[in-house]
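Here are the chains, one letter per residue:
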Amino acid sequence: MNLSLSDIAPPLRWTSPGQVAPIANDPRLPEAWWQALPLERACSIVGTPEVAGRLADLALSCWGHLMLGDVLPLLRFADPASSVHTPEGLGRETVHKLFTGVLERLLEPVTEDSVAPVPASRPDRPLPELIDEVFATLDERQRAIARDRLYASQRVTLDELAQRFSVTRERIRQIERDLRDHVDTWLSGPDAAPLVAHVSWLRGRLGSAVPADDLAAAVPWHRTELKTLSIPAWRFVRTLLTGYEQVDGWLVAGGADELREKTRQLFTDGPRPLAEAVTLVSQLGIREDVAERWLVSVPQLRVLEEHVVPWPRSVNDKAEAVLAVAGGALTPEEIQERIGEDYSLVGIRNQLTADDRFLRLDRNKYGLTRWGGEQYLGIREMIAREIERAGGEAPVNTIVTNLTSRYDVSESSVRAYAGGPGFERTQRGWIRVAGAEQSDYQPRRDVASTRRCFRSRDGRWWHRVDVNAEHLRGSGSPLPTGFAAYLGMAPGGQLTASTPSGDVVISWHNQPTMGSIRPVLVAAGASEGDHVFLTVSDGGELLTRYLPAAAPGIPALNRALHLIGYTAPVASEAEGLRLIGGRIGLSEGAARDEVLARLRDRGDRDILTFLEGAA
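Here the structure is a predicted model, which is why all the values come from computation and not from measurement.

Student: Got a minute to help me understand the overall build of the chain in this structure?
Tutor: Each helix and strand counted, the chain has 34 helices and 20 strands in total. Principal axes of the C-alpha set define a box for the chain whose edges measure 115 × 70 × 45 Å. Sorting the 615 residues of the chain into buried and exposed places 44% on the buried side. Within the chain, contacts between residues separated by at least 24 positions form 55% of all contacts whose residues are at least 6 apart in sequence. As presented, the chain carries roughly 30700 Å² of accessible surface, and 49% of it is formed by carbon and sulfur atoms.

Student: In this structure, what is going on with the layout of surface pockets? I would like to understand it.
Tutor: Where empty space is left in the structure can be found by rolling a water-sized probe over the atoms. If you add up the space inside the second largest pocket, you get close to 1200 Å³. In terms of lining residues, the second largest pocket is bounded by 42 residues, among which Leu 187, Val 199, Thr 239, Leu 240 and Thr 242 are the most central. Elements represented by at least two residues in the lining of the second largest pocket include exactly helix H8 (75-78), helix H9 (80-83), helix H13 (140-150), helix H15 (169-187), helix H16 (193-206), helix H17 (213-217) and helix H18 (233-240). A breakdown of the residues in the lining of the second largest pocket according to their chemical character gives 24 nonpolar, 8 polar and 10 charged.

Student: Got a minute to help me understand the packing of aromatic side chains in this structure?
Tutor: Geometry of an aromatic ring pair is reported as the spacing of the ring centres plus the angle between the planes. Scanning the entire structure with this criterion turns up 8 aromatic pairs. Members of the aromatic cluster, each reached through a chain of ring pairs, are Phe 135, Tyr 151 and Phe 236. Taking NZ or CZ as reference, Arg 545 lies 4.0 Å from the ring centre of Trp 462, over its face.

Student: What exactly am I supposed to notice about the sheet that holds strand E18 (residues 512-514) here?
Tutor: Pairing between the strands of a sheet comes from backbone hydrogen bonds, and it takes one of two forms, parallel or antiparallel. Read from one edge of the open sheet, 4 strands run E15-E18-E17-E16, paired in antiparallel fashion. Each end of this open sheet is capped by a strand with a single partner; those strands are strand E15 (477-478) and strand E16 (494-499). Examined bridge by bridge, E16 and strand E17 (residues 502-508) share 6 bridges and lie antiparallel to one another. Bridging across to E17, Leu 495 finds its partner in Ile 506.

Student: Help me understand the environment of Leu 596 in this model?
Tutor: Looking at where Leu 596 falls in the secondary structure, it is placed in helix H33 (residues 592-602). Along the sequence, Leu 596 and Leu 579 sit 17 residues apart, while their C-alpha atoms lie 13 Å from each other. Those residues in contact with Leu 596 that lie beyond four places of it in its chain are Leu 608 and Leu 611.

Student: I would appreciate a short explanation of unusual backbone geometry in the present structure.
Tutor: For residues that are not glycine, phi is negative in most cases, and the peptide bond is trans in most cases. A positive phi angle is found at Ala 32, which is not glycine, with a value near 55 degrees. Note on placement: Ala 32 falls in the loop between helix H3 (17-24) and helix H4 (33-36). Judged by its relative accessible area of 22%, Ala 32 falls in the partly exposed class. Its identity as a non-glycine residue notwithstanding, Gln 300 has a phi of 70 degrees, on the positive side.

Student: Would you explain the packing of helix H6 (residues 48-62) against helix H11 (residues 92-106) in this entry?
Tutor: Each packed pair of helices is defined by two parameters, the angle between the axes and the distance between the axes. Remark: H6 packs on H11, axes separated minimally by 8 Å, with the N-to-C direction vectors making an angle of 130 degrees. On the basis of the axis angle, H6 is oblique to H11. Judged by the sense of rotation from one axis to the other, the crossing of H6 with H11 is right-handed. Together, Thr 48, Pro 49, Val 51, Ala 52, Gly 53, Leu 55, Ala 56, Asp 57, Ala 59 and Leu 60 of H6 and Arg 92, Val 95, His 96, Phe 99, Thr 100, Leu 103 and Glu 104 of H11 make up the contact between the two elements. Residue composition of the contact of H6 with H11, grouped by class: 10 nonpolar, 4 polar and 3 charged.

Student: Just to check I follow, could you spell out helix H26 (residues 396-406) for this structure?
Tutor: Each turn of an α-helix holds 3.6 residues, which means side chains three or four residues apart point in the same direction. Of all the residues in H26, the buried ones are Val 396, Ile 399, Val 400 and Leu 403. In an axial view of H26, the angular spread of the buried residues amounts to 100 degrees, which keeps them on one side of the axis. Where H26 is buried, its residues contact helix H25 (379-389), helix H27 (411-418), strand E11 (423-425) and strand E12 (431-433).

Student: Before we go on, may I ask you to explain helix H12 (residues 127-136) in this structure?
Tutor: Along H12, 7 of the 10 residues are buried, which leaves the element largely enclosed by surrounding structure. All of the buried residues along H12 are Leu 127, Pro 128, Leu 130, Ile 131, Asp 132, Val 134 and Phe 135. Those residues of H12 hidden inside the fold are in contact with H13, H15, H16, strand E2 (225-226) and H18.

Student: What exactly am I supposed to notice about empty space enclosed by the protein here?
Tutor: Considering all chains together, one arrives at 1 cavity of 30 Å³ or more under this definition. Taken as a whole, the largest cavity encloses approximately 30 Å³ of empty space. Together, Val 315, Asn 316, Ala 319, Ile 348, Gln 351, Leu 352 and Phe 358 line the largest cavity. For the lining of the largest cavity, the elements supplying multiple residues, two or more each, are helix H22 (315-326) and helix H24 (345-354). Of the residues contributing to the lining of the largest cavity, the split by class is 5 nonpolar, 2 polar and no charged.

Student: Is there a simple way to explain the sheet that holds strand E4 (residues 244-247) in this structure?
Tutor: Spatially, E1-E5-E4 is the arrangement adopted by the 3 strands of the open sheet, whose pairing is antiparallel. At either margin of the open sheet sits one strand with a lone partner, and together these are strand E1 (209-211) and E4. Between one strand and the next, the sheet's axes are offset by a mean angle of 25 degrees, whatever the strand orientation. Pairing of E1 with strand E5 (residues 250-253), which is carried by 3 bridges, proceeds in the antiparallel orientation. The residue bridging Pro 211 from the neighbouring strand is Trp 250, located in E5. Its contacts with the sheet place helix H19 (residues 256-265) against E1, E4 and E5, and it is angled at close to 80 degrees to E4.

The rules we used
- Residues numbered from 1 in each chain as written.
- Predicted model: local features only at pLDDT ≥ 70, side-chain atom pairs only at ≥ 80, totals over all residues.
- Heavy atoms only, no water.
- Helix = DSSP H or I, 4+ residues; strand = E, 2+ residues; numbered from the N terminus.
- Buried < 20%, exposed > 50% of the residue type's maximum accessible area, 1.4 Å probe, protein only.
- Contact = heavy atoms within 4.5 Å.
- Areas by Shrake-Rupley, 256 points an atom, 1.4 Å probe, with all protein chains shown as cover.
- 1 Å grid on protein atoms, 1.4 Å probe; cavity = no way out; pocket = protein on both sides within 12 Å on 5 of 7 lines; lining within 4 Å.
- Points joined across faces, edges and corners; volume = space filled by probe spheres on them.
- Nonpolar A, V, L, I, M, F, W, Y, C, P; charged D, E, K, R; others polar.
- Phe/Tyr/Trp six-rings, centres within 6.5 Å; stacked < 30°, edge-to-face > 60°.
- Lys NZ or Arg CZ within 6 Å of the ring centre and 35° of its normal.
- Pairing = 2+ DSSP bridges.
- Axes fitted to C-alpha atoms, helices over the stretch in contact; angles between N-to-C directions.
- Parallel < 35°, antiparallel > 145°, perpendicular 65-115°, else oblique.
- Left-handed = near helix turned anticlockwise from the far one by under 90°.
- Arc of directions from axis to C-beta.

In structure tokens, the structure reads:
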């Protein structure tokens, strides 16, 4: 006998050697012995139980989705009942015992008494002709039911067939059952052996998941039309692939949901290079040539820049995956582009600033906190950090060089902040953080105590403008002194903030005043009664968030939250109060009375009215 193990176990012929070798290699046997060495020789060296054990381990590790009869077709004759089970269903001990029995029987010496008479065999014939023979003796009605019900891509209903042939639905159902029995009887006979062997090979060829179109293309004769039924042969073959279900254009052995979940579990630790992912997926029985297409089809996975990444539902998780694959800091715009879904840029920015997984590494770039690195805090804070590192004072030129070389900030911005409130010149012309007696202008009320000013999750304070007719006409409007001081202004000062439609000047003479924001309101489509939350970035940009007026009839608590810029649902009044407390500068867990007292002191009577009405 000159057969190798791969000659009697078809999956060995299509499984990657890289998957087989770690399980099948044995120092007593040559490399790739399952292909290169006669089975009889391998068993004489290491023992038949050892060879059967390696095959059982491969069945469980690589082909757990296949029926045992597809792994070792000889088992269909030796133990038909066991051959229809999967390796995972029977377990290693039973599979090993079954395989050992088959190999021992195969290797038994042949004696004259053991040779059974060989029946006369028919010459090889094309398989479509064999299949046609099954239906050649049927009448027209039986063929129509086979064509339009059993093997149709879109099955005709029982009622339609009953009406066509003037019989009852039950009669059509009975003929359908008889047809199935007729085919099953033929498949169990010797004439069907070539087709049964083909289906066994086909299971190994298809693997655990394959695009449904691959069945028709597996061999040329699959597209041959059966003369008796006028359908392509692959439709008949498809019905013989028991255990496969067709889902979303895929043929999947076993449950599609189960295989998808097993695939997702391979990537729970994060992104994997595509080549590595293909190898991992092939261990589930998916051919390497279709593995990438399978990965693309699995929900909550995505192929991104030659990596396979978990792709959950939240934008935070998707942003984390994008950054992990990029391996370096990205702008919110770049993250939005790579996510490629309907997420607003404002929403992405908010999540990047609020989620501890992300770290702001530059004026407009974010990375992952686990990478480490120095957090970008804004120009004013970065100047203070440079002064602290230099021992309390530093030359402006040195600060400018350090900050412009590390961050995307302009020299003019750094110099403007270094010469503004918060810093003072020393005797030798360097700068230091201003002393308490020469510090920033201190208003009577700081920003946390200022009406209509609210802190976002990134620590930045915003001022709410309630849009009125004067704003829409283009008039300027006053700003609270506490908010102007927060922006770094002092009496007599001026601040120019840029917007896409032009600059907005904030000046402080008798009181802080902001120039026209009409272009901003027009761009947002704002009307009287709407709200605009605004602040100025470290780079001098006027940042705005437009919020339409609250819909009439919403609960009082939600009206109050709307005025702080919060529109998501809340589970309870306690949660609402916690959110409001945080937005007006109170510590986590502030009591209800404390929140109400702070609102009363700030002058936020509109919010206070809604909260007292909700009580």
